[in-house]
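Examination of the molecular architecture
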Amino acid sequence: MITESSWIKKVIKEEEYKKYMNGEKDFINDDEIMQKIEKNKNPDPSKIRNIMKKSLEIQTLSPDETASLLNVTNPLLWEEIYETAAKIKKKVYDNRVVTFAPLYCSNYCVNNCLYCGFRRDNKEEVRRRLTLEEVKRETGVLAGKIGHKRLIVVYGEHPLSDAKYIANTIQAIYSVKAKTKNGYGSIRRVNINAAPMSIEDLSMLKEIGIGTYQVFQETYHHETYKKVHPSGTLKSNYQWRLYSMHRAFEAGVDDVAIGALFGLYDWKFEVMGLLYHAIELEKRFGVGPHTVSFPRLTPAKNAPYVQKTKYKVSDENFKKLIAVIRLSIPYTGLIVTAREPARVRNEVLPMCTQTDASTRIGVGAYSLWGKEKEQKLNRQQFLIGDDRELDTVVRELSEMGYITSFCTAGYRCGRTGKNIMELLKSGKEGSFCKLNAILTFREWLDDFASEETKRAGEKIIKREMEEVKKSATRAYSPQVVEELENYYKRIKNGERDLYF
Ligand code: SAM
Ligand code: SF4
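Residues numbered from 1 in each chain as written. Chains lettered and ligands numbered in written order. Predicted model: local features only at pLDDT ≥ 70, side-chain atom pairs only at ≥ 80, totals over all residues. Heavy atoms only, no water.

So, about the pattern of salt bridges. Going through the model one piece at a time under the given rule, you end up with 38 salt bridges. Residue Lys 319 pairs with Glu 347 through a salt bridge whose shortest N-O separation is 2.6 Å. Of the two residues, Lys 319 sits in helix α15 (residues 315-328) while Glu 347 sits in helix α16 (residues 342-348), which places them 28 residues apart along the sequence. For Lys 319, a relative accessible area of 17% translates into the label buried. Taking relative accessible area as the criterion, Glu 347 reaches 46% and is therefore assigned partly exposed. A single salt-bridge network, built from bridges that share partners, covers Lys 90, Asp 94, Lys 434, Arg 463, Glu 464 and Glu 467. (Salt bridge = Lys/Arg side-chain N within 4 Å of Asp/Glu carboxyl O. Helix = DSSP H or I, 4+ residues; strand = E, 2+ residues; numbered from the N terminus. Buried < 20%, exposed > 50% of the residue type's maximum accessible area, 1.4 Å probe, protein only.)

To continue, consider the domain arrangement of the chain. Taken as a whole, the chain is organised into domain 1 (4-26 + 95-390 + 402-408), domain 2 (30-86) and domain 3 (419-492). Across the boundary between the two partners, domain 1 contributes 25 residues, which contact 22 residues of domain 3. For the pairing of domain 1 and domain 3, the buried interface totals around 1900 Å² over both sides, and the portion due to carbon and sulfur atoms is 63%. Its largest share of buried area at the contact with domain 3, domain 1 owes to Arg 96, Tyr 331 and Ile 403, together 29% of the area lost on that side. Across the contact surface, domain 1 and domain 3 share one salt bridge. Arg 188 is the partner of Glu 443 in a salt bridge, and the nearest nitrogen-oxygen pair spans 2.7 Å. Summed over the shared surface of domain 1 and domain 3, the number is seven residue pairs in polar contact (both at pLDDT 80 or more). Mapped by element, the contributors of at least two residues to the side of domain 1 that touches domain 3 are α7 (132-146) and β11 (403-405). Along the lines of polarity and charge, the residues of the side of domain 1 that touches domain 3 split into ten nonpolar, nine polar and six charged. (Domains from an automatic or database assignment. Contact = heavy atoms within 4.5 Å. Buried area = accessible area lost by both parts, 1.4 Å probe. Polar contact = N/O pair within 3.5 Å; in protein donor to acceptor, adjacent residues only side chain to side chain. Nonpolar A, V, L, I, M, F, W, Y, C, P; charged D, E, K, R; others polar.)

Let's shift gears to the site of ligand 1. Inspection of the region around ligand 1 gives 20 residues, with Tyr 115, Asn 193, Glu 218, Lys 235 and Arg 241 positioned closest. Glu 218 places a side-chain nitrogen or oxygen 2.6 Å from an oxygen atom of ligand 1. A distance of 2.8 Å separates an oxygen atom of ligand 1 from a polar side-chain atom of Lys 235. When isolated, ligand 1 has an accessible area of 560 Å², and the protein chains bury 96% of it. At a threshold of 2 Å from the grid points, most atoms of ligand 1 map onto the largest cavity. Tallied by class, the residues present in the shell around ligand 1 amount to eleven nonpolar, four polar and five charged. (Near = heavy atom within 4 Å. Areas by Shrake-Rupley, 256 points an atom, 1.4 Å probe, with all protein chains shown as cover. 1 Å grid on protein atoms, 1.4 Å probe; cavity = no way out; pocket = protein on both sides within 12 Å on 5 of 7 lines; lining within 4 Å. Sits in = over half its atoms within 2 Å of the grid points.)

On to unusual backbone geometry, then. Positive phi is not limited to glycine here, since Ile 58 has a value of about 55 degrees. Along the chain, the position of Ile 58 falls in the loop between α4 (45-56) and α5 (63-70). Backbone geometry at Glu 218 places phi at a positive 70 degrees, although glycine is not the residue there. Tracing the backbone shows Glu 218 in the loop between β6 (213-214) and α10 (222-228). Accessibility expressed as a relative area gives 7% for Glu 218, which makes it buried.

In structure tokens form, the structure reads like this:
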């Protein structure tokens, strides 16, 4: 059997990232970022309004433009920025919110990140890796009882959760057909959040049907990165992580997601880092990140940096950073997670596209569904701020005027990578998705919703149907409207998984 230390030695393939570097330099230049933030202080309101116009045309901003936004101090101008951010979200993604759930498969980890409960030195963590049978059981609850269609599957970095294990768990998840009152529910889209991998491993995951590949850089600031990822660990290699998405593209995985863990370093710097990352991917591969995440540090057991950091992000700055990302990379999806309390999530939702619900992050926690709600810090990575059930989240979203989309059609019809980027930038993806949102929402309401949620959801469906009919001949041809009505009736009669 392979030992942990011999496995560690084989993970990083220097030649797979060094070829992208300019000698010792990667595409994040800390001094340049600092200078840009400094140079663009006290921006003129007319300059900010011109930048907003550019974002509304769904064009990626330049680093100087983003730095100007970050330097706005006038509260009224911030209100205009929030309004613009909400307009962009509506223009690109309409009033849809996509929901998903995280599924933690293993909390073994060889790394020692100072902010994470899974770190090697946290001896109080109860370690567990799900067997494939257990993965199926968890999936059964998520797809059969709660009604999720989309997961983000999460793993610590360890030989026990290597690429082969990840591949096996993805296949196990796709294989589950869980009984529901009208038939069966299944997970149609498996995204993963896992450690950086080699091109060979990513090609294998592409082959078995991985959805989005998500890796957060945590902090783009080199010195802080070094401080919070102790040397000698796999994760201490900044560039192996920074170029994860380059390797993904090389492996044919063209649906990639980036993020920064806010609270490790200055939030303005991290927003600039995310922008540089998006620009680099656009330049090299013609495709930017499909989503950007901005998790904020939350308490974790035996994770000293969480208490110590002087960079904690306030709720006010959290809203600002999301707005600036929305304007800077206007085509991208933005994910707000259950780390945030419901109040904060609702506040930033007009700018975001995805959120999780019924979230449990203990390994094996969904199988205890209905029996145990208490969060145990020695069994999970950190504490979440919001454990509302999917039914409640869907109802509240409906009451706020949003349609919850369970659509996964885009990926299954090849609308990924360059194809989806062009549709998003031209505003055309929104119209496809509107139809699929209606159909999948109808399906979900019939299969999973409580009576109260169903009532709230029906109102939204009615409004959406009317909007589609009103825009017949403009956005949709009469044939498309007819087909929508036909699909809708078939779903009401019990057929499932019909999409455009
Ligand atoms: N082990 C893999 C890795 O590090 O890339 C998988 C990801 S880890 C299980 C998921 C993400 O959780 C990390 O990338 C980090 O951004 C976030 N995270 C870690 N500790 C956290 C904390 N205390 N509060 C909030 N998010 C945290
Ligand atoms: Fe391990 Fe990831 Fe946690 Fe770091 S963030 S300790 S790599 S699980």
